[in-house]
Amino acid sequence: MIISAIKSKDVSDKRSVLHPETIKNLISKGIEIIFESGIGDGIHVGDQTFIDLGAKSVSRESCFSNAEIILTPSPIDDHEVKLIGGGKTLMGMVSPFENQELLKNLCDSNINLVSMEFVPRITRAQKMDVLSSQANLAGYVAVIESSSLLSSAMPMMMTAAGTLKPARVFVIGVGVAGLQAIATAKRLGARVEAFDTRDVVEEQVQSLGAKFVKIDLGETGETSQGYAKELTDEQLAKQKELQSKVCERSDIVITTAQLFGRPAPRIIDNSTIKKMKRGSVVLDMAVESGGNVEGSKVDEIVEVDGVKIVGISNLASKVAGHASYALSNNFNNWLLEFYDEESKNIRFDFEDEIISSSVLVFDGEVKNERFK
Amino acid sequence: MIISAIKSKDVSDKRSVLHPETIKNLISKGIEIIFESGIGDGIHVGDQTFIDLGAKSVSRESCFSNAEIILTPSPIDDHEVKLIGGGKTLMGMVSPFENQELLKNLCDSNINLVSMEFVPRITRAQKMDVLSSQANLAGYVAVIESSSLLSSAMPMMMTAAGTLKPARVFVIGVGVAGLQAIATAKRLGARVEAFDTRDVVEEQVQSLGAKFVKIDLGETGETSQGYAKELTDEQLAKQKELQSKVCERSDIVITTAQLFGRPAPRIIDNSTIKKMKRGSVVLDMAVESGGNVEGSKVDEIVEVDGVKIVGISNLASKVAGHASYALSNNFNNWLLEFYDEESKNIRFDFEDEIISSSVLVFDGEVKNERFK
Amino acid sequence: MENFDITLLQNIAYIFAAILFITGIKMLGKEVTAQKGNVISAIGMFIAIIVTAINIVNPFVVLGGILLGAFIGSVIAVKVKMTSIPEMVALFNGFGGLATFFIAWSEMSNTNDNLFQYLLVILTIYIGGVTFSGSLIAFGKLSERLKIGKGHLLTNLFISIFYISLVSILVMLVLPMIGSLPLNFEIIFYVYLALVMLGGVGFVLPIGGGDMPVVISLLNSLSGIAAAFAGLILVNNVLIVAGSLVGASGLILTIIMAKAMNRTIGNILFVGYAASAASSSSEQGEVKPINAEDAFLILENASSVLIVPGYGMAVAQAQHVVRELGELLEENGTDVKYGIHPVAGRMPGHMNVLLAEANVSYDLLAEPDDVNPMMDTVDVAIVIGANDVVNPSATEEPGSPIYGMPILEVANARTVFVLKRSMSSGFAGVQNPLFFKENTRMLFGDAKESISGLVSEFKD
Amino acid sequence: MENFDITLLQNIAYIFAAILFITGIKMLGKEVTAQKGNVISAIGMFIAIIVTAINIVNPFVVLGGILLGAFIGSVIAVKVKMTSIPEMVALFNGFGGLATFFIAWSEMSNTNDNLFQYLLVILTIYIGGVTFSGSLIAFGKLSERLKIGKGHLLTNLFISIFYISLVSILVMLVLPMIGSLPLNFEIIFYVYLALVMLGGVGFVLPIGGGDMPVVISLLNSLSGIAAAFAGLILVNNVLIVAGSLVGASGLILTIIMAKAMNRTIGNILFVGYAASAASSSSEQGEVKPINAEDAFLILENASSVLIVPGYGMAVAQAQHVVRELGELLEENGTDVKYGIHPVAGRMPGHMNVLLAEANVSYDLLAEPDDVNPMMDTVDVAIVIGANDVVNPSATEEPGSPIYGMPILEVANARTVFVLKRSMSSGFAGVQNPLFFKENTRMLFGDAKESISGLVSEFKD
Amino acid sequence: MEIYILLGFVLILSIYLGLELISKVPSTLHTPLMSGANAISGIALVGALTLTQDTFLQTVIAFLAITFASINVFGGYLVTNRMLSMFKKK
Amino acid sequence: MEIYILLGFVLILSIYLGLELISKVPSTLHTPLMSGANAISGIALVGALTLTQDTFLQTVIAFLAITFASINVFGGYLVTNRMLSMFKKK
Ligand SMILES: NC(=O)c1ccc[n+]([C@@H]2O[C@H](COP(=O)([O-])OP(=O)(O)OC[C@H]3O[C@@H](n4cnc5c(N)ncnc54)[C@H](OP(=O)(O)O)[C@@H]3O)[C@@H](O)[C@H]2O)c1
Ligand SMILES: NC(=O)c1ccc[n+]([C@@H]2O[C@H](COP(=O)([O-])OP(=O)(O)OC[C@H]3O[C@@H](n4cnc5c(N)ncnc54)[C@H](OP(=O)(O)O)[C@@H]3O)[C@@H](O)[C@H]2O)c1
Ligand SMILES: NC(=O)c1ccc[n+]([C@@H]2O[C@H](COP(=O)([O-])OP(=O)(O)OC[C@H]3O[C@@H](n4cnc5c(N)ncnc54)[C@H](O)[C@@H]3O)[C@@H](O)[C@H]2O)c1
Ligand SMILES: NC(=O)c1ccc[n+]([C@@H]2O[C@H](COP(=O)([O-])OP(=O)(O)OC[C@H]3O[C@@H](n4cnc5c(N)ncnc54)[C@H](O)[C@@H]3O)[C@@H](O)[C@H]2O)c1
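A brief structural summary. (Residues numbered from 1 in each chain as written. Chains lettered and ligands numbered in written order. Predicted model: local features only at pLDDT ≥ 70, side-chain atom pairs only at ≥ 80, totals over all residues. Heavy atoms only, no water.)

### Quick notes on the site of ligand 3
Then, in step 1: What surrounds ligand 3 is a group of 26 residues, the closest being Arg-121, Gln-126, Val-176, Asp-196 and Gln-239 of chain A.
Then, in step 2: One chain alone does not account for the residues near ligand 3; they come from chains A and C.
Then, in step 3: Backbone polar atom of Gly-175 of chain A to an oxygen atom of ligand 3: 3.2 Å apart, as the coordinates give it.
Then, in step 4: The side chain of Gln-239 of chain A places a nitrogen or oxygen atom 2.7 Å from a nitrogen atom of ligand 3.
Then, in step 5: Compared with its free state, where it exposes 840 Å², ligand 3 has 94% of that area covered by protein.
Then, in step 6: Grouping the amino acids of the shell around ligand 3 by side-chain chemistry returns 12 nonpolar, 10 polar and four charged. (Near = heavy atom within 4 Å. Polar contact = N/O pair within 3.5 Å; in protein donor to acceptor, adjacent residues only side chain to side chain. Areas by Shrake-Rupley, 256 points an atom, 1.4 Å probe, with all protein chains shown as cover. Nonpolar A, V, L, I, M, F, W, Y, C, P; charged D, E, K, R; others polar.)

Shown next, in the form of structure tokens:
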């Protein structure tokens with residue numbers, strides 16, 4: 001079997017779905033690997049390194065046409081779909097909610113689609129969970145970036161030149177990214193507070209030594225997959241009001257609230273921003289899926305009343321090295337879990353929860369309920 | 001007595017020598033304060049805040065001509081010297097080594113000069129020690145900036161998507177800045193190693209839980225002021241050779257080696273850089289005083305063989321809020337130590353070690369041996 | 001005068017023997033001095049026996065008895081397999097009880113006009129007899145020769161006899177006051193002897209095998225009391241002192257032993273193993289709890305320990321004490337590693353954040369792939385608030401929701417301590433068969449407190 | 001029969017009283033039960049006295065004596081100032097000794113043909129007498145009425161008499177065996193009485209005032225032994241039991257007290273305060289070391305503690321144990337704050353890095369300006385490897401290189417513990433007068449180890 | 001003599017018990033414990049009560065013994081109690 | 001009766017002492033300690049030795065008492081010692 005790996009369409013995305021440390025695994029199983037030349041540039045790994053490990057450097061087109069499975073970190077163009085033969089498999093992160101057209105095309109061309117975003121959130125599948133692995137790093141980067149934008153230091157320092165107060169960091173939305181943001185900010189010595197609509201999160205916040213802000217919103221909840229349910233309008237209003245008090249005293253606010261498959265909830269309004277201290281930083285981690293913060297723009301720092309509203313796309317790509325390593329491991333783990341060495345093929349066993357969730361298109365059919 | 005405070009000539013320097021939290025002290029002693037309008041802009045403090053505290057906003061010129069003591073964060077121009085009346089005092093950070101002409105001018109105009117850089121490094125004077133207070137913050141910023149430039153995360157993370165190795169940070173020169181850099185990198189979870197030519201530093205490095213790299217250079221030493229002595233050529237060669245091994249395995253190298261009043265020693269050559277991993281970061285904190293690293297440029301990121309060589313001027317200004325607070329406290333502490341409430345004047349008592357060190361020009365005469 | 005001097009000598013020797021017994025018992029309670037303590041108490045016994053034997057009644061009977069007893073006792077003691085020592089202790093104890101039973105019986109004839117004496121004799125017969133037959137039953141149960149337990153018909157019969165025997169004491173005590181007897185007293189007396197013996201059977205029969213050690217200790221305490229009573233009967237100080245020492249310290253030891261098993265004595269005697277069975281969950285088998293003290297004793301002797309932290313360590317914020325425990329173990333010469341499962345906790349790298357905060361060196365952290373192959377060389381794996389990541393179902397039970405996930409296979413370590421607050425499940429919500437394995441001990445409670453407990457045991 | 005019953009009753013009451021004494025003493029050793037223990041022991045005493053008084057010889061003498069004694073004793077006990085309680089204890093103890101002295105004297109007449117009795121009487125007189133006169137001297141010394149000490153001419157005289165008195169016991173013991181006496185025995189006996197009384201003076205006179213509490217405890221133990229001997233003379237169990245209990249536990253207490261002062265009893269009795277003076281260093285005054293055990297006892301009773309970390313805490317990497325100590329103190333109900341000096345350590349914010357790593361809440365950190373004003377409400381300031389930042393020279397000695405620097409004025413706290421490895425100076429290289437202050441105790445050793453020591457004391 | 005043997009037993013056992021009873025005493029309790037034990041040693045009063053008072057000297061001695069022992073007992077218990085009540089606060 | 005009072009004293013004191021002696025015992029020592037104490041309770045042998053042996057029944061009873069007590073004593077001490085020697089290794 002031949003597997004190919006291509007670069008992201010987005011040139012600012014430095015991540016690679018191949019990483020030297022994981023490539024050996026696949027090759028040892030008798031899988032051939034071809035990759036788009038320059039795939040490792042963003043992580044300072046030259047083609048030669050991959051070639052030395054036994055992979056082959058080819059053109060992008062050749063990646064599409066010559067492999068049974070094509071690994072991609074981003075959606076592909078329509079004309080590229082055409083290059084892929086029927087019965088082949090496209091595997092990667094293609095943001096299916098935003099690219100429903102692509103799904104249709106793939107169906108039409110009888111190309112299977114494995115969407116890594118749809119790996120279910122169960123313990124067993126965590127090793128393939130790209131959303132977790134990338135959100136985790138994104139949470140780290142969010143803190144590093146916002147602390148570098150803050151005009152004061154994060155930790156408390158009692159010095160001869162006076163006591164420098166520790167920064168107050170408020171993390172809204174405590175999923176994987178939020179937790180890592182909390183952990184990183186705590187490490188840097190900030191006072192950290194956090195809020196989430198899901199109750200279970202309180203203990204998790206405390207398990208990192210941070211403070212959970214209690215806001216009673218009445219009945220909230222989470223789906224069986226561990227994702228948050230959408231709030232009612234009243235609940236959202238109440239949350240905003242009580243949150244704004246915490247925002248006022250914070251130096252850094254990091255919002256991570258997302259709703260799987262729907263636009264992110266708007267949880268910080270301009271009115272809150274106006275009450276915040278000048279010089280403080282608001283980093284909107286949900287900026288790409290609609291934004292939690294009013295006025296946040298992708299890859300821009302908008303200054304409103306002295307408050308920096310920061311939107312950075314693809315935070316994980318800022319630590320492309322680790323991000324690629326994690327990503328390529330996730331891909332590998334999926335492949336190795338379902339690769340059958342005898343038939344030299346993938347076992348598409350729809351009894352398996354992971355297959356049934358992550359394989360969106362199979363045999364020219366959309367398999368996932370949400371896209372039917 | 002009237003004290004004035006001016007902005008830095010360097011527009012990129014956001015620090016202010018006045019800070020709301022310290023201004024009250026001076027005013028309560030019956031000192032009048034005037035300041036150059038817009039002095040607090042860099043730290044998000046408007047003129048009005050200072051005015052509310054009892055200070056007066058005036059023009060820059062007025063600051064020079066209407067005050068007994070002029071506080072400055074940077075050297076001043078020749079024509080500005082003219083605006084100051086004889087017998088008045090200029091106090092601040094004027095980089096005397098680089099501005100010997102300014103000293104001559106001040107002598108000629110019979111203006112006293114208090115150079116805050118020359119506050120002696122004794123326990124009692126630490127509260128006025130601007131070099132310490134700013135170097136401390138600079139050390140913090142150096143780590144934040146280099147970690148934001150690094151293409152991987154600092155801490156170790158054992159995750160389902162593989163174990164992300166912790167970054168290795170190597171700090172060369174362990175003065176105040178180096179110590180804080182070590183502490184910050186440790187906080188972020190990096191593996192930290194450090195080196196300095198002064199032996200006493202070993203224990204200090206360990207007191208932060210980091211590892212000291214032992215390089216036997218024979219007889220080294222420090223001055224009574226706690227500054228390092230210059231190394232012989234052989235010693236420096238030896239140091240470079242052994243250091244380069246550590247650099248090779250490091251992801252981030254931060255150099256802080258400085259020699260008071262002399263150009264910084266060149267301790268990392270291109271040959272070392274070439275041996276380093278691609279994607280690693282070298283931050284030269286001594287870039288303004290000549291640079292520890294070959295090829296480092298002020299306010300530029302030079303990429304050599306995939307290694308980013310970073311030179312950032314005035315690192316402390318990146319955390320201008322805290323830096324200004326510390327700075328203004330340092331100034332305040334000096335003033336309050338020597339201000340005589342009865343005569344409403346400064347006691348220039350040259351018996352006092354702090355005065356005799358920090359007052360470079362008095363009564364039209366250069367007082368400090370090094371500038372005679 | 002001659003005779004007088006011997007009594008004086010004897011009595012002084014008795015005082016000395018008593019001191020040796022006291023010292024011996026005290027020393028037996030500490031690991032380093034225990035063996036010496038046993039020797040010291042043996043010397044006391046030797047002295048007491050020798051000075052008593054000076055003026056014996058009938059050398060043949062006395063020496064014959066001693067030699068026979070010494071022979072039998074020594075052979076049993078030396079030949080018995082190490083594993084069957086507990087039942088031997090029960091047996092020896094029973095014989096001691098039997099001896100006092102005989103002593104009291106023999107002294108029955110001297111009680112004619114002394115009510116107090118009579119009273120003592122009746123009681124001593126009871127205690128000695130029950131000790132004997134009870135110990136025999138304990139011996140039978142421990143050596144698995146006797147398989148009758150609670151609920152069995154025979155058991156219920158003997159329980160009734162036990163209650164009757166208790167009543168019979170009262171009868172015997174009241175009897176002499178009534179005056180004229182309907183029956184021959186001798187017959188009544190023999191019936192009493194029989195009741196006593198059978199009563200002891202009823203006392204021990206319903207108690208579960210696992211609780212036997214505690215019961216033996218209690219019987220041991222009883223035999224001490226019997227000896228003390230015998231001392232009162234015979235007006236012999238050393239019997240009183242030695243007997244009541246054993247009686248009292250034996251009682252304390254019984255309480256300590258019961259506590260170590262998380263039971264009360266009342267619970268053991270009257271509720272039996274029913275209670276412990278109730279606490280274990282259905283099919284999975286029995287859970288074996290352990291306390292910090294015993295866990296410490298095991299850890300102290302371990303030469304390699306693997307610490308496996310999980311979400312519970314984070315919730316308890318126990319990272320600092322965990323590091324301290326690790327350091328103490330290392331000081332003790334133990335090899336310590338931390339086994340970090342990639343999904344332990346609730347976020348990637350959760351354990352790393354905490355352990356780094358607590359200053360655990362990165363070099364000590366190991367992944368499952370590193371530790372699993374050498375798990376069988378690990379003496380103790382300490383699982384701290386982890387659950388899913390050490391769940392053997394993931395490798396053994398194809399139906400399990402976590403089947404297929406690589407885990408830290410701590411079950412292969414010699415001993416596993418699991419520190420958690422209850423038997424509740426982890427994130428994945430599945431029961432963990434690890435908890436029911438033979439070599440697993442549960443240390444229940446908040447992880448921070450449990451570890452602190454271990455740490456302070458180490459510092460004692 | 002009448003009389004017999006009373007004796008029986010008395011004896012049973014005595015057993016009961018003895019149990020109450022035992023229980024009482026045990027309870028006196030623990031803070032929570034101490035007061036109750038005293039009451040229990042008093043009840044025991046009450047019972048013992050009442051049952052004895054049933055068949056008294058001479059009601060007037062007896063009741064008169066009791067009433068008079070009760071009056072005097074109660075008045076002293078209630079009126080005395082709290083500060084002079086220790087000397088009152090000495091006085092009471094002396095009176096107890098005097099009583100046994102009289103008892104033995106009175107029983108002298110009954111010893112005619114009983115050598116053992118005679119022996120007991122002579123010894124009891126000695127112990128009772130020495131206890132009395134020794135206690136009086138101790139009382140004098142403590143109340144500062146008596147200012148004669150070691151080296152004084154009078155002292156040396158009395159010391160000689162003490163030695164003579166020791167020899168005189170032997171003489172008295174041998175005397176009756178010699179047969180015909182050169183002198184009237186009565187005269188010899190009175191000389192003996194006098195020697196005993198003066199001997200007690202010689203026993204206590206050379207001992208330093210600071211050591212008096214230990215000596216009183218020793219005398220207390222002696223008076224117990226005297227009472228036990230009196231019990232042997234009078235064949236009275238309760239005297240024996242109570243007396244020997246006090247004698248033995250008093251001895252243990254004496255050893256404990258001596259240990260708490262870092263002395264041995266031999267050292268106190270025969271070397272006196274000479275030794276302690278030698279350990280102090282030249283002009284600065286005396287340095288008072290303390291060990292972890294005593295430091296713990298002080299901390300345990302402190303209601304507010306200030307922890308002052310410095311560079312030494314960093315070098316020792318003691319931050320984790322320090323936090324643990326802080327937590328334990330808080331659990332104990334103590335108010336804990338951390339006093340952070342701005343220049344503590346070797347870099348700005350050095351302490352913050354470490355304490356944050358150890359998870360000490362920011363809210364507990366205070367600057368010098370916050371803590372100095374309320375320093376006198378602090379029971380214990382624990383200075384952990386800090387030196388310059390707590391050096392009072394900075395405020396008191398204009399010539400000092402650090403003069404003018406604000407410091408943490410820990411010297412104003414009730415007690416200061418300084419934890420460092422030696423007497424060497426800090427960064428600024430200046431000697432620290434704090435170490436020589438009256439209320440400062442030095443806990444020498446690596447900071448991490450010292451704090452760990454304290455922590456494990458807390459966990460015991 | 002027999003009686004002395006028994007008394008000897010009692011003596012030895014009591015001493016042993018006394019040694020076992022006290023092990024670790026917080027230093028704050030040193031003085032109260034000493035004082036409390038001291039009060040118990042006033043048990044000599046019981047002995048004093050049983051003294052023969054046949055001669056005048058004996059009567060005087062007995063009276064003195066009773067008086068001093070009483071001071072010890074009453075003063076001792078009261079002063080111990082006073083000391084201990086200071087600990088009550090906590 | 002007087003003698004019983006004294007014996008009572010001895011009994012009570014010994015019991016108290018027994019209760020004080022054992023406080024904290026590592027569980028590894030539970031069995032050895034029990035066994036060692038059990039051996040001491042073989043002191044009944046001393047009592048058995050002093051039994052009157054006037055009638056035949058008495059002689060038999062005495063013989064049995066002596067024999068069984070001896071088993072207890074000898075077996076008890078030896079087995080305790082065997083157990084304890086296992087701890088030696090350290
Ligand atoms: N690492 C990640 O990125 C991530 C993210 C999301 C979910 N997860 C999931 O989380 C699980 C992680 O496994 P795990 O073994 O670390 O945790 P776990 O399976 O959730 O088990 C944690 C155990 O800790 C115990 N516990 C809780 N608080 C405690 C306390 N204060 N003291 C002592 N014990 C305490 C609980 O039992 P008691 O209540 O009986 O004490 C519980 O059984 C996996 O299923 C993983 O898939 C991981
Ligand atoms: N904060 C800053 O930015 C900075 C920078 C440079 C210099 N300084 C100077 O450093 C000083 C700081 O004052 P400080 O009180 O923190 O420190 P210090 O005055 O230097 O005293 C530290 C003390 O810690 C003891 N020590 C060292 N290792 C120890 C260990 N392992 N265990 C126990 N004790 C240990 C040493 O005594 P033993 O050897 O007897 O144990 C020493 O006396 C000031 O003079 C300050 O000016 C501060
Ligand atoms: N089974 C596994 O092993 C596994 C793997 C990864 C994640 N998870 C779990 O999945 C859950 C979701 O993680 P995620 O990072 O993907 O979440 P996400 O990115 O979907 O959302 C981020 C967070 O925002 C919160 N949020 C939504 N609306 C909000 C609002 N109005 N205000 C405040 N917060 C709001 C959500 O509750 C969530 O915690 C987590 O609990 C995580 O532990 C489990
Ligand atoms: N007395 C006080 O309270 C006080 C206050 C501030 C600083 N200090 C002390 O003063 C000393 C100097 O501090 P600083 O930050 O101003 O130093 P600096 O900025 O002058 O130099 C930075 C460091 O570089 C080192 N260095 C010089 N040449 C080197 C080479 N070739 N290789 C490696 N390292 C080299 C120096 O030893 C120094 O540690 C420190 O020890 C500090 O503790 C004391």
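### Looking at the pairing of strand 10 (residues 191–195) of chain A
All names here are of chain A.
Then, in step 1: With respect to burial, strand 10 is a largely interior element, four of its five residues being buried.
Then, in step 2: Sheet analysis places strand 9 (residues 168–172) next to strand 10, joined by five bridges and oriented parallel. Within the sheet, the bridge partner assigned to Arg-168 lies in strand 10 and is Arg-191.
Then, in step 3: Tracing the backbone out of strand 9, into helix 7 (residues 176–187) and back to the parallel element strand 10 gives a crossover that is right-handed.
Then, in step 4: The pairing of strand 10 with strand 11 (residues 211–212) spans two bridges and is classified as parallel. If you follow Glu-193 over to strand 11, its bridge partner there is Lys-211.
Then, in step 5: With helix 8 (residues 201–206) bridging strand 10 and the parallel strand 11, this β-α-β connection has right-handed handedness. (Buried < 20%, exposed > 50% of the residue type's maximum accessible area, 1.4 Å probe, protein only. Helix = DSSP H or I, 4+ residues; strand = E, 2+ residues; numbered from the N terminus. Pairing = 2+ DSSP bridges. Right-handed = clockwise from strand over helix to strand, strands pointing away.)

### Considerations on the nonpolar core
Then, in step 1: By size, the foremost hydrophobic cluster in this structure holds 268 residues, and its most contacted members are Phe-21 of chain C, Phe-21 of chain D, Ile-43 of chain E together with Ile-43 of chain F.
Then, in step 2: Setting aside anything within four residues of it in sequence, one finds Phe-21 of chain C in contact with Ser-41, Gly-44, Met-45, Val-238, Ala-242 and Leu-245 of chain C together with Ile-40, Ile-43 and Tyr-77 of chain F.
Then, in step 3: Counting 134 residues, the second-largest nonpolar core is a separate cluster that includes Ala-185, Leu-315 and Ala-316 of chain A together with Leu-179 of chain B. (Core = buried A, V, L, I, M, F, W, Y, C linked by side-chain atoms within 4.5 Å. Contact = heavy atoms within 4.5 Å.)

### Quick look at the sheet that holds strand 15 (residues 307–311) of chain A
Residue and element names in this part refer to chain A.
Then, in step 1: A sheet is described by the order of its strands in space; here seven strands give the open sequence 11-10-9-12-13-15-14, paired in mixed fashion. A strand with exactly one partner marks an edge of an open sheet, and here the two such strands are strand 11 and strand 14 (300–304).
Then, in step 2: Relative to strand 15, strand 14 runs antiparallel, the two sharing five bridges. Within strand 15, the position partnered with Val-304 by the bridge is Val-307.
Then, in step 3: Where helix 9 (residues 233–249) meets the sheet, it contacts strand 9, strand 10 and strand 12 (252–255), and its direction lies at approximately 155° from that of strand 9. (Axes fitted to C-alpha atoms, helices over the stretch in contact; angles between N-to-C directions.)

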